[in-house]
Amino acid sequence: MSDLSEAKTVASPRLDVDRIRQDFPILAQTINGKPLVYLDNAASAQKPVAVLDAMDRYYRECHSNVHRGAHTLGDRATSAFEGAREKVRTFLNAKSPSEVIWTRGTTEAINVIANGLAPKLRPGDEILVSHMEHHANIVPWQMLAERTGAKVVPVLVTEKGELDMESFDSLLGDRTRIMAITQVSNALGTINPVEELIARARSRSVITVIDGAQAVPHFQPDVQAMGCDFYAFSSHKLFGPTGIGVLYGREQLLEEMPPYQGGGEMIERVTFERTTWNVLPYKFEAGTPAIAEAVGLGAAIDYLATIDRSAMEASERALLERANSLVETVPGMEVIGTAAHKVPVLSFKIAGLHPSDIGTLLDQQGIEIRTGNHCAMPLMDFYGVPGTARASFAFYNTLEEVEKLFAALRKIQRLFV
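Quantities reported herein were computed from a predicted structural model and do not represent experimental measurements. Position numbers for residues count from 1 along each chain, tracking the sequence in the order it is written. Residue-level local features of this predicted model are given only where pLDDT is at least 70; pairs of side-chain atoms are given and counted only at 80 or more, and the full residue set underlies all totals for whole chains, interfaces and linings. Heavy atoms throughout the structure, all of them, feed into the side-chain values; hydrogens and water do not.

Enquirer: Even after reading the chapter, I still don't get unusual backbone geometry, so can you show me in this structure?
Expert: Phi is mostly negative for residues that are not glycine, and the peptide bonds are mostly trans. Following Leu280, the chain continues into Pro281 via a peptide bond in cis, with omega recorded as 0°. Turning to its location among the elements, Pro281 is positioned in the loop between strand 12 (275-277) and helix 11 (291-305). One non-glycine residue, His374, lies in the positive phi region at around 60°. For His374, the position within the fold is in the loop between strand 16 (370-372) and helix 14 (377-383). The backbone of Cys375 shows a phi angle near 50°, a positive value even though the residue is not glycine. Here a helix means four or more residues in a row that DSSP labels H or I, a strand means two or more in a row labelled E, and each is numbered from the N terminus.

Enquirer: So what exactly am I meant to see when it comes to the sheet that holds strand 7 (residues 176-182) here?
Expert: Two strands qualify as a pair provided that DSSP identifies no fewer than 2 bridges between them. Spatially, seven strands are ordered 4-10-9-8-7-5-6 in an open sheet, and the strand pairing comes out mixed. The outermost strands of the open sheet, each flanked by one partner alone, are strand 4 (100-103) and strand 6 (151-155). Geometrically, the sheet is characterised by an average inter-axis angle of 20° between neighbouring strands, direction not taken into account. As paired elements, strand 9 (residues 230-234) and strand 10 (residues 245-249) share five bridges and run antiparallel to each other. Opposite Tyr231, over in strand 10, you have Tyr248 as the bridge partner. Across the sheet, helix 4 (residues 72-92) lies against strand 4, strand 9 and strand 10, angled at about 115° from strand 4, the strand it touches most. Between N-to-C directions, angles span 0 to 180 degrees; the directions come from axes that are lines fitted to C-alpha atoms, helices contributing only their stretch in contact. Only heavy atoms enter the contact rule, under which two residues are in contact if any of them lie within 4.5 Å.

Enquirer: Teacher, can you tell me more about empty space enclosed by the protein here?
Expert: One way to see where empty space is left: roll a probe the size of a water molecule over the atoms. Grid spacing is 1 Å over the protein atoms alone, the probe is 1.4 Å, and a cavity is where that probe fits but cannot get out, while a pocket is an open set with protein on both sides within 12 Å along at least five of seven lines and lining residues have an atom within 4 Å of a point. Grid points are joined across faces, edges and corners, and a volume is the space filled by probe spheres set on the points. On inspection of all chains with the given rule, the structure shows one cavity of 30 Å³ or more. Asn41, Ala42, Pro217, His218 and Phe393 are, among the 13 residues lining the largest cavity, the residues nearest its centre. Residues of the lining of the largest cavity, tallied by class, amount to eight nonpolar, four polar and one charged. Ten residue types, Ala, Val, Leu, Ile, Met, Phe, Trp, Tyr, Cys and Pro, are classed as nonpolar, four, Asp, Glu, Lys and Arg, as charged, and the remainder, Gly among them, as polar.

Next up, the structure:
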């Protein structure tokens with residue numbers, strides 16, 4: 001067994017993980033009589049008290065519909081709602097709040113983009129994706145291709161789980177109109193060189209779409225420095241509530257795109273002869289929005305701003321390094337995806353055990369992971385596996401929890417293989 005006190009010095013001493021864990025009440029419970037070890041953060045992260053309190057306070061003190069209420073509660077709700085949008089703008093370093101569109105999550109955001117870009121495509125045009133994409137960054141483009149006669153072209157990945165840059169360069173061509181690439185693989189944890197990819201795509205006037213769902217929990221994006229046309233993420237990955245996400249889009253492109261849905265809020269004027277659209281960002285926000293959820297996301301961003309980002313990243317690197325160092329202690333364990341640059345995600349298989357059995361047996365010991373294809377079937381096909389077991393870490397996880405995971409895996413391997 002490793003020396004945990006020595007391992008802890010590897011993580012940044014500035015990050016007080018014990019104190020941080022007190023901000024996440026769900027982590028204090030037991031599962032099947034064991035202290036909860038939550039390692040399914042890539043699926044959905046837990047929520048700090050600051051988020052829970054902000055949403056509770058909104059419902060207790062502010063709730064009303066937004067923008068049109070000529071009364072105090074309407075003003076309070078609107079201020080909180082639009083204040084959250086400004087927090088997201090700052091978080092992303094977007095130029096204007098008009099470039100920040102509320103959606104239900106990353107999936108809806110990508111569907112909004114795909115629908116809006118349909119008029120720009122012609123038969124034979126190409127949409128560049130990659131083999132490591134989440135289904136949410138494949139299926140909307142396939143649907144768009146069916147509508148327009150365009151073609152979805154996948155970039156290869158290497159055995160290590162890195163984007164094959166030679167494949168990318170060979171496929172980025174005169175017919176490429178859209179590049180849609182994940183910043184971080186949800187299944188492998190691979191960090192893609194999106195700035196480089198965007199620069200190459202823009203040199204050919206290709207529209208660039210970045211799926212940031214798995215990136216934002218681990219590092220803060222800068223859409224202006226990145227140079228992307230669109231960027232999407234989900235609140236619940238960023239320690240905020242479910243049911244809300246963000247679509248960033250360059251204002252010019254958003255102005256050109258048709259709205260995704262029709263109804264209230266997104267209109268300027270309606271007659272039976274003609275309807276005109278509202279200004280950005282409301283043009284894409286039909287219906288009563290997820291007001292409390294927006295407030296919760298804003299609170300999550302505020303909470304993260306209280307934590308030293310460099311310390312957080314150093315602590316997460318230490319978790320992944322420790323996990324990688326323990327792989328050889330579990331007979332038959334193989335990591336799927338060994339890219340040089342990763343967030344703290346460990347996707348693996350163990351000879352003789354089905355991933356779902358690993359997940360069930362770990363749950364009996366209070367350890368929560370994800371199993372299956374991770375909505376990345378083409379990637380699983382590439383590796384020739386039906387799925388993997390995936391442990392994904394956040395800044396509130398500890399080195400002791402890494403040790404517990406591997407002690408449990410060794411126990412399972414001994415008993416069942």
